[in-house]
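Coordinates in review
Letter by letter, the chains look like this.
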Amino acid sequence: MATASPLCPYLMQVHHISQETPDVWTLSLINHDFYPYLPGQYALVEVNNSRTVRAYTLSSPPGGSRFVTLTVRRLADGQGSGWLTQRVKPGDYLWLSAAQGDFSCVNHVDNRYLFLAAGCGVTPVISMCRWLAAHRPRVDVQVIYCVRSPRDIIAAAAWTDLGHWLRLTVFAEQDAAGDIRPGRLTRDALRSLAPDIAARTVMACGPAPWMAQQETDARALGAERFWQERFHTPAAEADAGAVRLKISHPRLVQSVDAPVGVSLLASLESHGVAVNAACRAGVCGCCKTRIAQGPYRTTSAMTLSEQEIAEGYVLACSCYPLGDIVVA
Ligand code: FES
């Protein structure tokens, strides 16, 4: 078994694996340590216990499950997804990173939500719905879930359990029957299903073009609070080795490649650059770093002054490069 790396220090054992759909599996992991995460977040997993990492949704609701679960869709050429779904077996150990990402209802608090999901993009939505049902049961939750066919519905049992509490509409492109609506989600359907969309926080997860279309439609119908998960497509493409950017750092002899959608902290650590970090959640301020050049987005600047932000300081754990960057 490999030893812990700074990037993936959490060792978890596979308890069981269940197949959700023809190409999606959920791995239930036993964790013997404290593992804080928010509903909707994801973790990086070391592939084949090497230093290669891939990102997968933490589909269990924090505090609401005996296991930490990862739900993984097998991609045709996916190095990580192929290994996790075909070779890993109960009893094996996985190394996970701290939880990552800001696509969480905890970060976007409201009393009314509309979750839009397509395909495997439903996994963070499941976690958020189960967490909200347990901790904020008075919240009004509506879910619109788009699949290719009814057999591609992920977490069917969870949707049945939550059916009395939330309003779920499923669209299937093929073989729709019963309560499942045929076809795709259109702007007219969205208008009809969510006439109060302007009063809801809308959170969407699915393929990037699909999310872009949903944002266009939702905003045209009056939605003002719209958030989309930016992990899935970059991570899926990164799984195939496609979307990468360069990070230059004074402690690196040459610039290095990093996948889009991974924090600056995680990327630097995966290349052996030690960064002072404690909370990994944008709270403690330990990982303050300055970016001299290049585009990025941040999910927390909690401990930084306006002047520091103007000077390019970021919290590396909460900074996501959007292109090639130079760290000062
Ligand atoms: S590690 Fe605490 S703010 Fe980044």
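Note that the coordinates shown come from a computational prediction; the quantities given were computed from them, not determined experimentally. (Residues numbered from 1 in each chain as written. Predicted model: local features only at pLDDT ≥ 70, side-chain atom pairs only at ≥ 80, totals over all residues. Heavy atoms only, no water.)

1. Topic: the layout of surface pockets
This is how the line gets drawn: A 1.4 Å probe that fits but cannot get out identifies a cavity on a 1 Å grid over protein atoms alone, an open set with protein on both sides within 12 Å along at least five of seven lines counts as a pocket, and a residue lines either if it has an atom within 4 Å of a point. Grid points are joined across faces, edges and corners, and a volume is the space filled by probe spheres set on the points. Numbering goes from the N terminus for both helices and strands, where a helix is a DSSP run of H or I of at least four residues and a strand is a run of E of at least two. Residue type decides the class: Asp, Glu, Lys and Arg count as charged, Ala, Val, Leu, Ile, Met, Phe, Trp, Tyr, Cys and Pro as nonpolar, and the leftover types, Gly among them, as polar.
Reported here for the second largest pocket is a volume of approximately 730 Å³. Broken down by secondary-structure element, the contributors of at least two residues to the lining of the second largest pocket are strand 12 (225-228), helix 7 (264-270) and strand 16 (296-298). Take the lining of the second largest pocket: its biggest share by element is three residues, from strand 12. A breakdown of the residues in the lining of the second largest pocket according to their chemical character gives 18 nonpolar, 12 polar and six charged.

2. Concerning the packing of aromatic side chains
Here is the rule we go by: Planes of paired rings set the category: under 30 degrees apart is stacked, over 60 is edge-to-face and the rest tilted, where pairs are Phe, Tyr or Trp rings (Trp by its six-membered ring) whose centres lie within 6.5 Å. Only protein chains enter the accessibility calculation, which uses a 1.4 Å probe. A residue is then buried if its area is under 20% of the maximum for its type, exposed if over 50%, and partly exposed in between. A positively charged side chain is recorded as over a ring if its NZ (Lys) or CZ (Arg) lies within 6 Å of the ring centre. The angle to the ring normal must also be within 35 degrees.
All chains considered together, the criterion is met by four aromatic pairs. An angle of 45° between the planes, with centres 5.7 Å apart, marks the rings of tyrosine 35 and tyrosine 37 as tilted. Here the aromatic rings of tyrosine 113 and phenylalanine 115 are separated by 5.4 Å at their centres, their planes lie at 5°, and the arrangement is stacked. The class for tyrosine 113 is buried, based on a relative accessible area of 0%. The exposure class of phenylalanine 115 is buried, given its relative accessible area of 0%. Linked through ring pairs, Tyr10, Tyr35 and Tyr37 together constitute an aromatic cluster. Across the ring face of tyrosine 313, the terminal group of lysine 288 is positioned such that the distance to the ring centre comes to 5.1 Å. The ring of tyrosine 320 has arginine 297 sitting right over it, with the charged end atom 4.8 Å from the ring centre.

Purely geometric stuff here, so don't read any function into it on its own.
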